[in-house]
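# Structure at a glance
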Amino acid sequence: MKKRSFLQCAALLAAASTFPLAQAQTLTPIKFQLDWRFEGPAALFLQPVAKGYFKAAGLDVTVDAGNGSGGAVQRVASGTYDMGFADLAAVMEFHANNPDAQNKPVAVMMVYNNTPASVMALKKSGITKPADLAGKKLGAPVFDAGRRAFPIFQKANGIGPVQWTAMDPPLRETMLVRGDVDAITGFTFTSLLNLEARGAKAADVVVLPYADFGVKLYGNVIIASPKLIKENPAAIKAFLSAFTKGVKEVIANPAAAIEYVKARDGIVNVPLETRRLQLAIDTVINSPDARAEGFGQTQPGRLSLMASQVSDAFNTKTRVNADDVWNGSFLPTTAELNILPKK
């Protein structure tokens, strides 16, 4: 009798020891590709991972740094990643240039309601408004979102011809400070702070945000693969809900959120990245347009206009179909999405 009791206890202990493993196996793995390095805005994704919000939603999310929106779109399209973060224009371009592709990523949540793209110049250049860019030498990597969309900005502001100089991303701000180019395009919260790091004073930098000069392009979105949409739509809903909960906290306390970025990349400059995150929140996440449309959401007319503008500016093989690139059916409830502080 004692022997039987011992065996029963042993069996119970063995079962108990495997329970956490069994429980862990029930989590749905999601590989997530960022658009860029582990900088301030990455806190939007790293914070809900670190605080366990995704796991509480039944997901095992891994977040990897990226090297551009185009790369993020390609990696989700290839099936290497399930979801990602990318500029909506890059998603549109992929759709229009690969009409027969079977795994075209779809945008499922708007995060940067306005494109962060802007033109930046030093005051000593004499550039103070878009029209001043005519005849000037502009610099940016060939894949830069602002450079790709510049024809839209150019048309909206009646800017004459400009000259372009290509360079690798780390050289962009350096070449502007050295005077090798008259102006650059880039994400405001990236290039402005990089210019300061290279010795330029913020007061000496002229910033011409696309959103302030007639170009109402949407910015970065969360994308998902059609495979995930078809096979596990519940996982996408769970992801977006947990992410939204995290974003609300990041907006409320950016300084605390940066600690999760530093945990992934120990050499980040905490004060600098805190400023970068705050700048991103103020200019593209909690912007007037975002508050008007609602966090995470899009406005059909604006989305259709962007599809047409991208088709023209990017000279795509086929026209962009706005209905093909956007699927808002996985978004949390309106109450859950109500996270933007009133200004």
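Here the structure is a predicted model, which means the values were calculated and not measured.

## Notes on the sheet that holds strand β2 (residues 59-64)
Read from one edge to the other, the open sheet built from 5 strands follows the order β2-β1-β3-β10-β4, with strand pairing classed as mixed. The sheet terminates laterally at β2 and β4 (106-110), the two strands that pair on one side only. Neighbour to neighbour, the strand axes of the sheet diverge by 30° on average, direction disregarded. Pairing between strand β1 (residues 28-33) and β2: 6 bridges, direction parallel. Looking across to β2, one finds that Phe 32 is bridged to Val 63. Each of β1, β2, β3 (83-87) and β10 (220-224) touches helix α2 (residues 43-50); the most contacted strand, β2, lies at about 145° to it. On the sheet, helix α11 (residues 233-252) packs against β1, β2, β3, β4 and β10 and is oriented at approximately 30° with respect to β4.

## Quick notes on the nonpolar core
Core analysis: the biggest nonpolar cluster contains 98 residues, and Phe 32, Phe 45, Leu 88, Leu 133, Ile 222, Phe 239 and Phe 243 have the highest contact counts within it. Broken down by element, this core gets its largest block of residues, 10 residues, from α11. With 11 residues, the next largest nonpolar core counts Met 167, Val 181, Ile 184 and Val 205 among its residues.

## Notes on the environment of Val 247
Topologically, Val 247 is positioned in helix α11. The spacing of Val 247 and Ile 281 is 34 residues in sequence and 9.9 Å in space, taken between C-alpha atoms. Beyond its immediate sequence surroundings of up to four residues, Val 247 is in contact with Leu 44, Phe 295 and Ile 339.

## A closer look at the pairing of β3
Taking burial as the measure, the 5 residues of β3 include 5 buried ones, the bulk of the element. Of the two faces of β3, both are covered, the one formed by Met 83, Phe 85 and Asp 87 as well as the one formed by Gly 84 and Ala 86. Across 5 bridges, the pairing between β3 and β10 is antiparallel. What sits directly across from Gly 84, in β10, is Ile 223.

About the criteria used
- Residues numbered from 1 in each chain as written.
- Predicted model: local features only at pLDDT ≥ 70, side-chain atom pairs only at ≥ 80, totals over all residues.
- Heavy atoms only, no water.
- Pairing = 2+ DSSP bridges.
- Helix = DSSP H or I, 4+ residues; strand = E, 2+ residues; numbered from the N terminus.
- Axes fitted to C-alpha atoms, helices over the stretch in contact; angles between N-to-C directions.
- Contact = heavy atoms within 4.5 Å.
- Core = buried A, V, L, I, M, F, W, Y, C linked by side-chain atoms within 4.5 Å.
- Buried < 20%, exposed > 50% of the residue type's maximum accessible area, 1.4 Å probe, protein only.

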